[in-house]
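Here is how the chains run, residue by residue.
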Amino acid sequence: MSRMDQFLAQLPKVELHLHIEGTLEPEMMFALAERNGIALPYRSPEALREAYQFDNLQSFLDLYYQGAAVLRTRDDFYDLAMAYFKRCDQEQILHYEIMFDPQTHLNRGVRMNTMMEGLVGAQQDAQRHYGASSNLILSLLRHLPEEDGIAALEQAKPWQHLINAIGLDSSERGNPPSKFKRAFELADSYGWHRVAHAGEEGPADYIWEALRDLQVRRIDHGVRCQEDAQLVEYLIHHQVPLTVCPLSNVRLGVYNDLRQHNLKQLLELGLCVTLNSDDPAYFGGYLTTNMLAVQNALKLSETQWIQLTTNAINASFAPVERKMALKQRLTSAVVNYHLGPTSQVAGA
Ligand code: HPA
Ligand SMILES: [Zn+2]
């Protein structure tokens, strides 16, 4: 490991764009399929992993929704989330905001209570065991009608205090943000924040729409913003956070190669860029792996890495005291790293 890689491994981290269904590793998919008596159309976890060759977003989504069908019980959701939280502890990810897609599960007979009990139970245990903080983002599937999304929101009403934000994901092209104006207004009445995927495969116009019609606080992905100079100006001026997911973009063909990715450019233009893993079980790695791959391809400075993490802390929906504590953890970790192992500053 190079010195820079060691620096990245030990750096305190925050993750803001993570689909919990996208952390379902093939081994766990097989274990849950067996536990629930479900047959999978693959011989082994290895055979499944070999099928993860995607041409675009839709070819990924087809496998991703198929895989999520093994999730049935409270314990399935708990075990899924807990495996990711444990991983976060190993990677110094101290705060995470995880999306889940209730419609994927409701539409095959899994109840909202089942999902929520599993996810919230795991969040509470992660806080207790690891001292980590987390938020839940209920994400609507944009390929389905708005009414279906509104029905899911109505089922989530009893849980509204344990959910932090509404999101929007799935097939972007042909499903513009404006389709979900009423659903986002309902989420607003629950007191939730608003985020949406936009400008991943879809055009820069969808980013404008998400800002204007859905009043989002963050844009998930957003890398296609550079197709509109005025939009870039707006994003810089208002410091709208972008949750960028480099390995996801390469795996889904948004960029052919990580060296062509615009993450560093966007950062240097002054946008509030954050780095995230999206669906790590499908795209070749968790947050640290994304960071190491970006470092290898784009060579960021230590200051730029600290900026990315600071951006993520600022862009998070954590309470202000937690944000201050996270910034302190970041500062002490950087200082300690430079002082070396013999003279540690307290709090790191
Ligand atoms: O990157 C994504 N884009 C859209 N929908 C998704 N659902 C999981 N990951 C994604
Ligand atoms: Zn995503």
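Owing to the predicted nature of the structure, the values given are computational and were not obtained by experimental measurement.

Moving on, we get to the packing of helix α16 (residues 302-315) against helix α17 (residues 320-339). Between α16 and α17, the least distance of the axes is 10 Å, while the angle of their chain directions is 165 degrees. On the basis of the axis angle, α16 is roughly antiparallel to α17. In this structure, α16 crosses over α17, and the sense of that crossing is right-handed. Contacts from I306, T309, T310 and I313 in α16 reach K323, L326, K327, L330 and V334 in α17. Among the residues forming the contact of α16 with α17, the class breakdown is 5 nonpolar, 2 polar and 2 charged.

Contact pair helix α8 (residues 146-156) / helix α9 (residues 181-189): the axes reach a minimum separation of 9 Å and the direction vectors enclose 15 degrees. It follows that α8 is roughly parallel to α9 by the angle criterion. Seen from above, α8 lies across α9 with right-handed handedness. Of the residues in α9, those touching α8 at E146, G149, I150 and L153 are R182, A183, L186 and A187.

Conventions we followed
- Residues numbered from 1 in each chain as written.
- Chains lettered and ligands numbered in written order.
- Predicted model: local features only at pLDDT ≥ 70, side-chain atom pairs only at ≥ 80, totals over all residues.
- Axes fitted to C-alpha atoms, helices over the stretch in contact; angles between N-to-C directions.
- Helix = DSSP H or I, 4+ residues; strand = E, 2+ residues; numbered from the N terminus.
- Parallel < 35°, antiparallel > 145°, perpendicular 65-115°, else oblique.
- Left-handed = near helix turned anticlockwise from the far one by under 90°.
- Contact = placed C-beta atoms within 7 Å.
- Nonpolar A, V, L, I, M, F, W, Y, C, P; charged D, E, K, R; others polar.

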